Amino acid sequence: MYGISTVAIILIVVAILIVLKGIVVVHQGYEYTIERLGRFTRSLRPGFHIIIPFIDAIGAKVNMMERVLEVPSQAVITKDNAVVNVDGIMFFQVLDAAKASYEVNDLEHASLNLTMTNIRTVLGSMDLDESLSKRDEINAALLHVVDSATSPWGIKVTRIEIKDISPPKDLVDSMARQMKAERDKRAAILEAEGLRQAEILKAEGQKRALILDAEGEKEAAFRQAEARERLAQAEAEATRMVSEAIAVGDIQAVNYFVAVKYVEALQTIGAADNQKIMFLPMETSSLLGSIGGISELVKETFKNRSDNNKS
């Protein structure tokens, strides 16, 4: 009986082991490939699965999450024969576990070498200035080429980024001197443009000032001519009024007219530069006497005209 119970226990243990061997639990983010007698049959997604013990076996445990690979630094010769050190980073994700397991050996190593090769190809077709300034174009070209090449492996390359492009120190110094010279040139051009613009604005201002002065002189001349015209009109009107007053025998108008002209004549003589000493009858009695004499002359004229009219 003891021997029978031992055998039963062994059979139970073996049965439990067989059952446990047929149970497979796949963790989230992974897929397992199943091989039946060495041949791939299917892939197990995350969750609980049952396989046939000793006939089915787990072939590969494939990480389905997006992964990142560091692209090591390497020397690259550009189109203009400049040597630069380039490194980068690559993001990829397995979409087909079977292809990633059986289409390529060592998926990460193959993807990394393919990326490094294409970095040399893409940068080798560009000048140094283009390789330093066109990072986005380089990344896009690398992504397109590498993703197409790795598609048969069941993976998707989501992003490739060039982290650093380092030219040699002597080349960096030469580029710095070139950049400084270019900036000095642009500064000199801008300064010359500023001086030129300032001279243009200054000339424009002077031109405008001359135009305004000419317009002012023109307006002043017009005003002076208008004033002289009005003065002449006023003078003519005054003469006409005096003539009318003389015609009717108004001696006071004659006296006023003669006195005004007399004073204006004195002002003109006194304002002349070549007249320094003048002996004139400035007394009021002399001035009135002169005006009185003229008045008597006018009266005599009117009297003779009256007598002639009576005759």
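The structure presented is a predicted model; accordingly, all values stated were derived computationally and were not measured. (Residues numbered from 1 in each chain as written. Predicted model: local features only at pLDDT ≥ 70, side-chain atom pairs only at ≥ 80, totals over all residues. Heavy atoms only, no water.)

### Some points on the overall build of the protein chain
Across its full length, the protein chain holds eight helices and eight strands. Burial status across the protein chain gives 23% buried among its 311 residues. Accessible surface, the protein chain: about 21500 Å² in total, of which carbon and sulfur atoms supply 59%. (Helix = DSSP H or I, 4+ residues; strand = E, 2+ residues; numbered from the N terminus. Buried < 20%, exposed > 50% of the residue type's maximum accessible area, 1.4 Å probe, protein only. Areas by Shrake-Rupley, 256 points an atom, 1.4 Å probe, with all protein chains shown as cover.)

### Digging into the pairing of strand β1 (residues 23-26)
Taking every second residue as pointing to the same face, the buried face of β1 carries V24 and V26, while none of I23 and V25 on the other face is buried. Bridging between β1 and strand β4 (residues 47-50) involves four bridges; their strand directions are antiparallel. Across the sheet, V26 pairs through a bridge with G47, a residue of β4. (Pairing = 2+ DSSP bridges.)

### Some thoughts on the sheet that holds strand β5 (residues 56-63)
Spatial ordering of the open sheet is given by β3-β2-β5, a layout of three strands whose pairing is antiparallel. One side of each edge strand has no neighbouring strand; the edge strands of this open sheet are β3 (39-44) and β5. Between one strand axis and the next, the sheet turns through 30° on average, direction left out of account. Two strands pair when backbone bridges link them, and strand β2 (residues 30-36) and β5 are joined in this way by seven bridges, in the antiparallel orientation. By the bridge assignment, I34 is partnered in β5 with I58. (Axes fitted to C-alpha atoms, helices over the stretch in contact; angles between N-to-C directions.)

### Here's the deal with a nonpolar patch on the surface
Side chains of I9, I12, V13, I16, L17, V19, L20, I23, V25, F48 and I50 sit close together on the surface and give an oily, nonpolar patch of about 1100 Å² of accessible area. Among the elements that take part in the nonpolar patch, helix α1 (residues 2-21) stands out by supplying seven residues, more than any other. As for its position among the elements, V19 is in helix α1. (Patch = residues over 30% accessible without salt bridge, like charges linked within 9 Å, V, L, I, M, F, W, Y side chains within 5 Å. Salt bridge = Lys/Arg side-chain N within 4 Å of Asp/Glu carboxyl O.)

### Details of the packing of helix α3 (residues 107-124) against helix α5 (residues 135-150)
Interhelical geometry of α3 versus α5 gives an angle of 140° and a closest axis separation of 10 Å. The angle between α3 and α5 places the two elements in the oblique class. Taken as a pair, α3 and α5 cross one another with a handedness that is right-handed. On α5, the residues that touch S111, L114, T115, N118, I119, V122 and L123 of α3 are I138, A141, L142, V145, V146, A149 and T150. Tallied by class, residues from the contact of α3 with α5 come to 10 nonpolar, four polar and no charged. (Parallel < 35°, antiparallel > 145°, perpendicular 65-115°, else oblique. Left-handed = near helix turned anticlockwise from the far one by under 90°. Contact = heavy atoms within 4.5 Å. Nonpolar A, V, L, I, M, F, W, Y, C, P; charged D, E, K, R; others polar.)

### Observations regarding the confidence of the model for the protein chain
Here the protein chain averages 81 in pLDDT, while 76% of its residues score no lower than 70. When mean pLDDT is compared element by element in the protein chain, β2 scores highest at 94, while helix α8 (residues 284-310) scores lowest at 52. (pLDDT = per-residue confidence, 0-100.)

### With respect to the nonpolar core
With 32 residues, the main nonpolar core has V86, M90, L107 and I119 as its most contacted residues. For this core, the elements supplying multiple residues, two or more each, are β6 (67-77), β7 (83-94), α2 (97-102), α3, α5 and β8 (155-166). Looking at this core element by element, the count peaks at seven residues for α3. Each residue touching L107, except ones within four places of it in the same chain, is listed here: R67, F92, V94, A100, W153 and I155. Core analysis: the next-biggest nonpolar cluster, separate from the first, contains six residues, V26, Y32, I34 and L44 among them. (Core = buried A, V, L, I, M, F, W, Y, C linked by side-chain atoms within 4.5 Å.)

### Observations concerning the side chain of S131
One can find S131 in helix α4 (residues 128-133). With relative accessibility at 1%, the residue S131 sits in the buried group.

### Considering the sheet that holds β8
Strand order in the open sheet formed by three strands is β6-β7-β8, with antiparallel pairing between adjacent strands. Sheet topology places β6 and β8 at the edges, where each strand pairs with a single neighbour. Ignoring strand direction, the axes of neighbouring strands in this sheet form an average angle of 20°. Judged from the 10 bridges that link them, β7 and β8 form a sheet pairing that is antiparallel.

### Describing α5
Taking 1.5 Å per residue as the helical rise, α5 with its 16 residues ought to reach 22 Å, and the 22 Å between its terminal C-alpha atoms agrees with that figure. Of all the residues in α5, the buried ones are I138, N139, L142, V146, D147 and T150. Projected onto a plane normal to the axis of α5, the buried residues spread over an arc of 140° and lie on a single side. Away from its buried face by more than 90 degrees, α5 exposes D136 and H144. Where the residues of α5 are buried, they touch β7, α3, α4 and β8. (Expected span 1.5 Å × (residues − 1). Arc of directions from axis to C-beta.)

### Let's talk about the pattern of salt bridges
Enumeration according to the criterion identifies 12 salt bridges in this entry. With its nearest N and O atoms 2.8 Å apart, the salt bridge here joins E70 to K163. Highlighted residues: E70 in strand β6 and K163 in strand β8, separated in sequence by 93 residues. In this structure, the salt-bridge partner of E161 is R159, at a minimum N-O distance of 2.7 Å. Residue class for R159 comes out partly exposed when judged on its relative accessible area of 46%. Three or more residues joined by partner-sharing salt bridges are found here, namely E219, R223, E226 and R230.

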